[in-house]
Amino acid sequence: MSDIIQLLPDHVANQIAAGEVVQRPASVVKELLENAIDANASEIKLILKEAGKTLVQVIDNGKGMSTTDARLSFERHATSKIRSAEDLFQLNTKGFRGEALASIAAIAHVELKTKQENDELGTSILIEGSTVKSQDVTVTPKGTSVSVKNLFFNIPARRNFLKSNTVELRHVTDEFHRVALAHPNIGFSMYHNGSELFSLQSSNYRQRVVNIFGTKTNEKLVPVEEETEVLKVSGFVGKPEFSKKTKSEQFFFVNNRFVKSPYLNHAINAAFEGLLKDGYHPSYFLNLTVDPKTIDINIHPTKTEIKFDDEHTLYAILRSSVKHSLGQFNIAPVLDFESNTNLDTPYDYKDKAGKTPTIEVDSTFNPFANEKAVASSPGSHAQQRQFAKAPAANWESLYVGLESKGNRSQNDFAEVTFESNPETASIFKSEDVEQEKTTYQLRQKYIVSTIKSGMLIIDQNRAHQRILYENLLKQLTSKEATTQQLLFPLTIGFSIADIEIIKQLRPDLEFAGFEFSEVKEEQIIITGVPVGVPESEVSIVLEQLISDVENDVPDQNFSASDLLAKSMAKSLAIKTGQTLNSEEQEHILNSLFACKEPSVSPTNKTTFITLGVDDIEKKFM
């Protein structure tokens, strides 16, 4: 039998490996930005076109590469970060695997320009699908410029799996935030389709957070500082009243590297226990510094997962540090006896034993001693008569006249007549009332009704979502939504990235009934809302819409109108736990079965079930 195992060609192996490293344009942005940081750059510029699908370019002023290094950088497992396996446990750089540039070059058109400081000319290399097309000498400033064009040009299936530009830009922005927050001492700028989105100068950590998420973030931050032999914690957490429904403002950095850790996230949630409303998440921007020997980063090519030697200790330190900061800055209610000097025990009494206090009575004290002086003074007879003690009356006098008062009150109201119809009690009356009621609410979550074949049970939240979704979608497609003008304009603050999403969805929001007088860099001013949307719910609706965009809800197969209708229906629908009267229950029941698709919610979840008489009878067998 002939041999069947063979080595794959390099370009095939590179395409396979690229699937792990490069999942979307945001992956390219992350790898290129980290390479620029490892090159000791102080200014980094990111340029995008069509959310990175057409162009991702990163320009830095780092140390650059020689001609040999520039050519070798595109080979697999070629890196300047480590030399031996032991170096994996002493990592002080972002990259170390030597796979990023090789993987990117396998699925895109890549142009590299680089020059070292002491060289007069630089190097330019053009690669398409792992094939070097040209390598020339060029004039370029100090540093490196990497342009990645036409991502997934040779893998059309992967390109079709990319989401809309709005979603992909959101992922790119998230990666940009993570890198920029980890290195506030480096200046970053970001451009998309010719417009500047971010221009971040070198600053301290608090200013970097404020510059990224808006000036209003400054009042939300509570500093956290703690240093132990095992862990050093620094950064900020958000005040509980500014918590959000999304997890978009949760950042952990371990040794200046962004990581995702559900275990440490649970420690933060434990510190905020009792301070947050249900469904809301705290904001935090925390830097953790640990010994590189105690962590393992080489778990996944994205390097966002991490393993700690002693997670339990880190959990306890992190939880107590955050809780201490919340109490120290009067965010959380605490009882600190040391802060009140009046409650401190004097030093002289620390060794004295407790004893029963003695009570002293002044037998010569007379509170009525001044009455004689008042009585002897002229003109005080009237006062004396006024304060003279009345003779004691016997107990029978207390009840004298009660009978006459009672008779008088009856005579006073004898002429008053009240209209009243004689009511005849009936043992069937309660049953008639129950028969008129056709719907019932179960546990403030389900609406129960009877049908010919048995029983109907409706999920009130999902049913109301379906009703609102079809009504909103009809208004959006016909562009005939009614707007309710606000008496006073409503101003809502958002981050720069969220404002970009609102700008892109603004036409559809206006078709839905919203009216914007102005959309600024960090806030929007609303003068009109759709009919049926309370003013207090506007921010919730928009936050839910932004959250849906972040979570990849929109796709190329769905319109923005469909996304907006689903998001608004989810925000405005009746929630579980809300009590409904009989008319409201009947309205949901009738409106649901007037819909085109009453059986499922907008997210394709069952809205109602039926229990037949036979099914009920089987329960009694």
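Read on for a plain summary of the structure. (Residues numbered from 1 in each chain as written. Predicted model: local features only at pLDDT ≥ 70, side-chain atom pairs only at ≥ 80, totals over all residues. Heavy atoms only, no water.)

### A few points about the packing of aromatic side chains
Where two aromatic rings form a pair, the distance of their centres and the angle of their planes describe that pair. Cut-off, in case you're wondering: Between 30 and 60 degrees the pair is tilted, below 30 it is stacked and above 60 it is edge-to-face, where a pair is any two Phe, Tyr or Trp rings, Trp via its six-membered ring, whose centres lie within 6.5 Å. As a reminder, the over-ring test applies to NZ of lysine and CZ of arginine, requiring each to be within 6 Å of the ring centre and within 35 degrees of the ring normal.
Across all of its chains, the model carries 13 aromatic pairs by this definition. Lys 277 extends its terminal NZ or CZ atom over the ring of Tyr 280, reaching a point 4.7 Å from the ring centre.

### Observations regarding the environment of Gln 544
The cut-off we apply is this: A helix here means a DSSP run of H or I that spans at least four residues, while a strand means a run of E at least two residues long, and both kinds are numbered starting from the N terminus. Buried means the residue's accessible area, taken with a 1.4 Å probe over protein chains only, is under 20% of the maximum for its type, while exposed means over 50%, and partly exposed covers the values in between. Contact definition: two residues touch when any of their heavy atoms are within 4.5 Å.
Considering the arrangement of structural elements, one finds Gln 544 in helix H16 (residues 538-550). Taking the relative accessible area as the measure of exposure, Gln 544 reaches 15% and is therefore buried. Sequence separation between Gln 544 and Leu 564 is 20 residues; the distance between their C-alpha atoms is 9.7 Å. Excluding residues within four positions of it along the chain, Gln 544 makes contact with Ser 567, Lys 570 and Ser 571.

### Digging into helix H18 (residues 582-592)
For the record, the criterion: By the criterion applied in these results, polar contacts are pairs of N or O atoms within 3.5 Å in which, for protein atoms, one can donate a hydrogen and the other can accept it, and in which residues neighboring in sequence qualify only through two side-chain atoms.
The set of residues buried in H18 consists of Gln 585, Ile 588, Leu 589, Ser 591 and Leu 592. If you check the start of H18, you find a side-chain oxygen 3.2 Å away from the backbone N of Glu 583, and it comes from Asn 581.

### Digging into the nonpolar core
Rules: Buried Ala, Val, Leu, Ile, Met, Phe, Trp, Tyr and Cys residues form a nonpolar core when they are joined through side-chain atoms within 4.5 Å.
With 58 residues, the main nonpolar core has Leu 32, Ile 44, Leu 46, Val 148, Phe 188 and Met 190 as its most contacted residues. If sequence neighbours within four positions are ignored, Val 148 has contacts with Val 28, Leu 32, Thr 54, Leu 55, Val 56, Ile 104, Ala 108, His 109 and Val 110. By size, the runner-up hydrophobic cluster in this structure holds 33 residues, among which are Ile 492, Leu 509, Phe 516 and Met 568.

### A short note on the sheet that holds strand E17 (residues 446-451)
Here is the rule we go by: Note on pairing: two strands pair once DSSP finds at least 2 bridges between them. Working convention: axes come from line fits to C-alpha atoms, limited for helices to the stretch in contact. Angles between N-to-C directions cover 0 to 180 degrees.
Read across the open sheet, the four strands follow the order E16-E17-E18-E22; overall the sheet is antiparallel. Unpaired on one side and paired on the other, strand E16 (439-442) and strand E22 (608-612) mark the two borders of the sheet. Pairs of neighbouring strands in the sheet enclose a mean axial angle of 25 degrees, with direction left out of account. In terms of strand pairing, E16 meets E17 through four bridges, oriented antiparallel. Opposite Thr 439, over in E17, you have Ser 449 as the bridge partner. Against the sheet, helix H14 (residues 460-478) contacts E16, E17 and strand E18 (454-459), and its axis sits at roughly 70 degrees relative to E18. H18 rests against E16, E17, E18 and E22 of the sheet, and its axis sits at about 100 degrees to E16.

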